[in-house]
Amino acid sequence: MTATSITSAAHTHVIDDLRAPTRAFRKAAPEAWAGFGALHQAAVADGVVPASMKELVALAIAVTQHCDGCVAYHAKAAVVKGATREQAVEVLEVALLMAGGPASVWAPRALAAFDEFADAHDAAS
């Protein structure tokens, strides 16, 4: 377990809590959701910039937007796509630079989410 990990699976619970309402909205707005899904897949696909870095950018934006679901989803995706903790820290430093005080609250949450998913990923490996 990493030094800054939290003991509960708080960020996993955020994803779990969003699962049912997301499915309901996807069912209510299938065309819009399909478009969003296609945009998401295209935006975070490997390209000149690796997918892991794109997920870290999304994580930094989630910090600046104060979005707990976004933090959880993109922290998990960054881990799955191979981002390192050191890379996450450096990208979150940029979020702190750009968003100031509010990011001093949200960047630690994002790093805790990254650590939570990295720990789970390592345990599953």
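A short tour of the structure in this document, coming up.

Reading the values: rules and limits
Residues numbered from 1 in each chain as written. Predicted model: local features only at pLDDT ≥ 70, side-chain atom pairs only at ≥ 80, totals over all residues. Heavy atoms only, no water. Core = buried A, V, L, I, M, F, W, Y, C linked by side-chain atoms within 4.5 Å. Buried < 20%, exposed > 50% of the residue type's maximum accessible area, 1.4 Å probe, protein only. Helix = DSSP H or I, 4+ residues; strand = E, 2+ residues; numbered from the N terminus. Contact = heavy atoms within 4.5 Å. Expected span 1.5 Å × (residues − 1). Phe/Tyr/Trp six-rings, centres within 6.5 Å; stacked < 30°, edge-to-face > 60°.

1. What to know about the nonpolar core
Alright, step 1. Counting residues in each nonpolar core, the largest one holds 25 residues, and the members touching the most others are Leu 56, Leu 59, Val 63, Val 71, Leu 92, Phe 114 and Phe 117.
Alright, step 2. Every element with two or more residues in this core is listed here: helix H1 (10-28), helix H3 (51-65), helix H4 (68-80), helix H5 (85-99) and helix H6 (101-124).
Alright, step 3. Ranked by residues supplied to this core, first place goes to H6 with 9 residues.
Alright, step 4. The contacts of Val 63, once residues within four sequence positions are left out, are Val 71, Leu 92, Ala 95, Ala 103, Trp 106, Ala 107 and Ala 110.

2. Concerning H4
Alright, step 1. Between its first and last C-alpha, H4 extends 18 Å over 13 residues, near the 18 Å set by a 1.5 Å rise per residue.
Alright, step 2. When H4 is considered as a whole, its buried residues turn out to be Gly 69, Val 71, Ala 72, His 74, Ala 75, Ala 77, Ala 78 and Val 79.
Alright, step 3. Against H1, helix H2 (30-43), H3 and H6 lie the buried residues of H4.

3. What about the packing of aromatic side chains?
To describe a pair of aromatic rings, one takes the distance between the centres and the angle between the planes.
Alright, step 1. Under the counting rule described, the total for this entry stands at 2 aromatic pairs.
Alright, step 2. The interplanar angle of 75° and the centroid separation of 6.0 Å between the aromatic rings of Phe 25 and Trp 33 together place this pair among those described as edge-to-face.
Alright, step 3. In this structure Phe 25 comes out as partly exposed when scored by relative accessible area, which is 48%.
Alright, step 4. For Trp 33, a relative accessible area of 26% puts it in the partly exposed group.
Alright, step 5. Judged by centre distance (5.4 Å) and plane angle (50°), the ring pair of Trp 33 and Phe 36 falls under tilted.

Any link to function would need more than the numbers given here.
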